[in-house]
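The primary structure of each chain is shown beneath.
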Amino acid sequence: MEKTKFIWMNGDFVPWDDAKVHVLTHTLHYGDGVFEGIRAYKTDRGGALFRLREHFERFEYSAGVLGMKLPYSIEQLCEATRALLKRNDLPQGYVRPLAYHGYGVMGLNPRNAPVEVMIACWPWGAYIPVEEANIKVSSYIRIDPRSTKCDAKICGHYVNSILAVLELKGTAYHEALLLDSAGYIAEGPGENFFVVKGREIITPPLGSILAGITRASVIEIAKDLGFAVTERPLKLAEVFEADEAFFTGTAAEVTPIGSIDDRPIGNGKAGANSLTLKAAYLDAVYGRNLNYGKFLTFIE
Ligand code: PMP
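Keep in mind that this is a model prediction, so the values were computed, not measured. (Residues numbered from 1 in each chain as written. Predicted model: local features only at pLDDT ≥ 70, side-chain atom pairs only at ≥ 80, totals over all residues. Heavy atoms only, no water.)

*Asks:* So what exactly am I meant to see when it comes to the packing of aromatic side chains here?
*Replies:* Each aromatic ring pair is summarised here by two numbers: the centre-to-centre distance and the angle between the ring planes. On inspection of all chains with the given rule, the structure shows 13 aromatic pairs. Residues phenylalanine 35 and tyrosine 158 carry aromatic rings whose centres are separated by 4.8 Å and whose planes lie at 65° to one another, so their mutual orientation is edge-to-face. Taken together, the residues span a long stretch of sequence, with phenylalanine 35 in strand β3 (residues 34–35) and tyrosine 158 in helix α4 (residues 158–166) at a distance of 123 residues. On the basis of relative accessibility, which here comes to 17%, the residue tyrosine 158 falls in the buried class. Ring centres of tyrosine 41 and tyrosine 286 lie 4.9 Å apart, and the angle between their planes is 65°; on these two criteria the pair is classed as edge-to-face. With a gap of 245 residues between them, tyrosine 41 in strand β4 (residues 38–43) and tyrosine 286 in the loop between α7 (272–285) and β17 (296–298) connect regions that are remote in the sequence. Tyrosine 41 gets classed as buried once you look at its relative accessible area, which sits at 2%. Taking the ring centre of phenylalanine 6 as reference, the NZ or CZ of arginine 87 above it sits at 5.6 Å. (Phe/Tyr/Trp six-rings, centres within 6.5 Å; stacked < 30°, edge-to-face > 60°. Helix = DSSP H or I, 4+ residues; strand = E, 2+ residues; numbered from the N terminus. Buried < 20%, exposed > 50% of the residue type's maximum accessible area, 1.4 Å probe, protein only. Lys NZ or Arg CZ within 6 Å of the ring centre and 35° of its normal.)

Rendered as structure tokens:
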């Protein structure tokens, strides 16, 4: 991980190496924190954050699920992020806001624990740096809506994702795919999932997945490009018959999928429509398509 100069911690810009917490920080023990992943891109007009406000809206929603009242407004968090990237002289990179219960109480009732917020940023390239990802269906099922609020980006949820990723260790697969408890496709460990059939794009409905901001952006872009977009449950058998498949996510952007469980999707290479959507997404984030200028917050 490449360091930057400062991390924003509870309102202050703290030197990277000094941004520390106590080992009895509540969230370190129980996973009751919430986070975001945001990207900034270097456009012709300087660095710009993609859908900054929507990320902090989801951040506030996730915190609310844990009964955590954030001590900063969405506007303050957006402004802190802009100022942080400016101070770190980082026009392009990854931004990681985290809200957590701090030091002071133990036990499962976090109500009296302090709510702390930090925002860090650093340079980070492609998350799945391949033309097409070869993926494997996980033996783990995705977190279930009867067990938690799947649409909240809660730290503890990521143990499920991490187990799915660890299962691939020592194999040639690039990423996992998790099914829900009824056997329908849910999502990747950190990505939403789509298939393409002709000019139709199909993606699992909200329910047992994170409501991805890239997912929403790609749905909007796909509709603008004349694709029909359907949100409905998908079984693996149907996915194997699809023309193409791809993942979306802030980190993964649009990543075409070549195969699932060693069975090629289409011809096993990145599909033409997936590549069209990937290019259109990159045009949006890099400020090359003014129709999506509304999604950008310039750093200065
Ligand atoms: N699903 C999960 C489980 C994720 O962690 C992410 C990454 N935040 C996504 C989907 C994609 O969400 P977004 O497009 O908002 O980054």
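After that view of the structure, there is still more to cover.
*Asks:* Sorry if this is basic, but what is going on with the site of the ligand here?
*Replies:* Around the ligand, the structure places 15 residues, and the nearest of them are Tyr158, Glu187, Ile213, Thr214 and Thr250. Within the side chain of lysine 153, one N or O atom sits 2.9 Å away from a nitrogen atom of the ligand. At 2.7 Å, a side-chain N or O of glutamate 187 approaches a nitrogen atom of the ligand. In isolation the ligand has 390 Å² of accessible area, and contact with the protein removes 96% of it. Residues belonging to the shell around the ligand are distributed by class as follows: 4 nonpolar, 6 polar and 5 charged. (Near = heavy atom within 4 Å. Polar contact = N/O pair within 3.5 Å; in protein donor to acceptor, adjacent residues only side chain to side chain. Areas by Shrake-Rupley, 256 points an atom, 1.4 Å probe, with all protein chains shown as cover. Nonpolar A, V, L, I, M, F, W, Y, C, P; charged D, E, K, R; others polar.)

*Asks:* Please clarify how the side chain of glutamate 191 should be interpreted in this entry.
*Replies:* Along the polypeptide, glutamate 191 turns up in the loop between β10 (185–187) and β11 (192–197). Setting aside residues no more than four positions away along its own chain, glutamate 191 makes contact with Tyr127, Ile128, Glu175, Phe247, Thr248 and Ala252. (Contact = heavy atoms within 4.5 Å.)

*Asks:* Please explain the side chain of asparagine 273 as it appears in this structure.
*Replies:* You can see asparagine 273 is positioned in helix α7. The exposure class of asparagine 273 is buried, given its relative accessible area of 18%. Apart from residues no more than four positions distant in its own chain, asparagine 273 is found in contact with Val196, Gly198, Arg199, Phe227 and Glu244.

*Asks:* How do you make sense of the packing of helix α5 (residues 213–224) against α7 when you look at a structure like this?
*Replies:* Two packed helices can be described by the angle between their axes and the distance between those axes. The N-to-C vectors of α5 and α7 enclose an angle of 110°; their axes lie 10 Å apart at closest approach. By the angle between their directions, the pair α5 and α7 is classed as roughly perpendicular. Within the contact between the two elements, α5 uses Thr214, Ser217, Val218, Ile221 and Ala222 and α7 uses Leu277, Ala280, Tyr281 and Ala284. (Axes fitted to C-alpha atoms, helices over the stretch in contact; angles between N-to-C directions. Parallel < 35°, antiparallel > 145°, perpendicular 65-115°, else oblique.)

*Asks:* Explain the pattern of salt bridges here, please?
*Replies:* Opposite charge on two side chains permits them to pair, given that their charged atoms come into close proximity. Counted according to the given criterion, the structure contains 17 salt bridges. Here lysine 136 makes a salt bridge to aspartate 261, at a shortest N to O gap of 4.0 Å. In this pair, lysine 136 sits in strand β8 (residues 133–141) while aspartate 261 sits in the loop between β15 (253–260) and β16 (263–264), placing the two residues 125 residues apart along the sequence. The class for lysine 136 is partly exposed, based on a relative accessible area of 31%. Two residues, aspartate 144 and arginine 146, come together in a salt bridge whose shortest N-O distance is 2.8 Å. For arginine 146, a relative accessible area of 71% corresponds to the exposed category. The network of salt bridges with shared partners includes Arg53, Glu57 and Glu75. (Salt bridge = Lys/Arg side-chain N within 4 Å of Asp/Glu carboxyl O.)

*Asks:* Looking at this structure, how should I read the pairing of β11?
*Replies:* Along any regular strand the residues' side chains alternate between the sheet's two faces. A large share of β11 lies buried, amounting to 5 of its 6 residues. Examined bridge by bridge, β11 and strand β14 (residues 244–249) share 5 bridges and lie antiparallel to one another. Its bridge partner being in β14, phenylalanine 194 is matched across the sheet by phenylalanine 246. Relative to strand β12 (residues 200–203), β11 runs antiparallel, the two sharing 3 bridges. (Pairing = 2+ DSSP bridges.)

*Asks:* Teacher, can you tell me more about a nonpolar patch on the surface here?
*Replies:* Side chains of Val23, Leu24, Leu28, Tyr30, Tyr103, Met106 and Leu108 sit close together on the surface and give an oily, nonpolar patch of about 750 Å² of accessible area. Looking at the secondary structure, you find valine 23 in the loop between β2 (12–15) and α1 (26–30). (Patch = residues over 30% accessible without salt bridge, like charges linked within 9 Å, V, L, I, M, F, W, Y side chains within 5 Å.)

*Asks:* Sorry if this is basic, but what is going on with α7 here?
*Replies:* Given 3.6 residues per helical turn, the α-helix brings residues three or four places apart onto the same face. The terminal C-alpha atoms of α7 lie 20 Å apart, and with 14 residues this matches the ideal 20 Å at 1.5 Å per residue to within 8%. Within the sequence span of α7, burial applies to Asn273, Ser274, Leu277, Ala280, Tyr281, Ala284 and Val285. Along the axis of α7, the buried residues cluster in a sector spanning 135°; they form a single face. Positive phi appears at glycine 287, one or two residues downstream of α7, with a value of about 70°. (Expected span 1.5 Å × (residues − 1). Arc of directions from axis to C-beta.)

Purely spatial values, then, with no claim about function.
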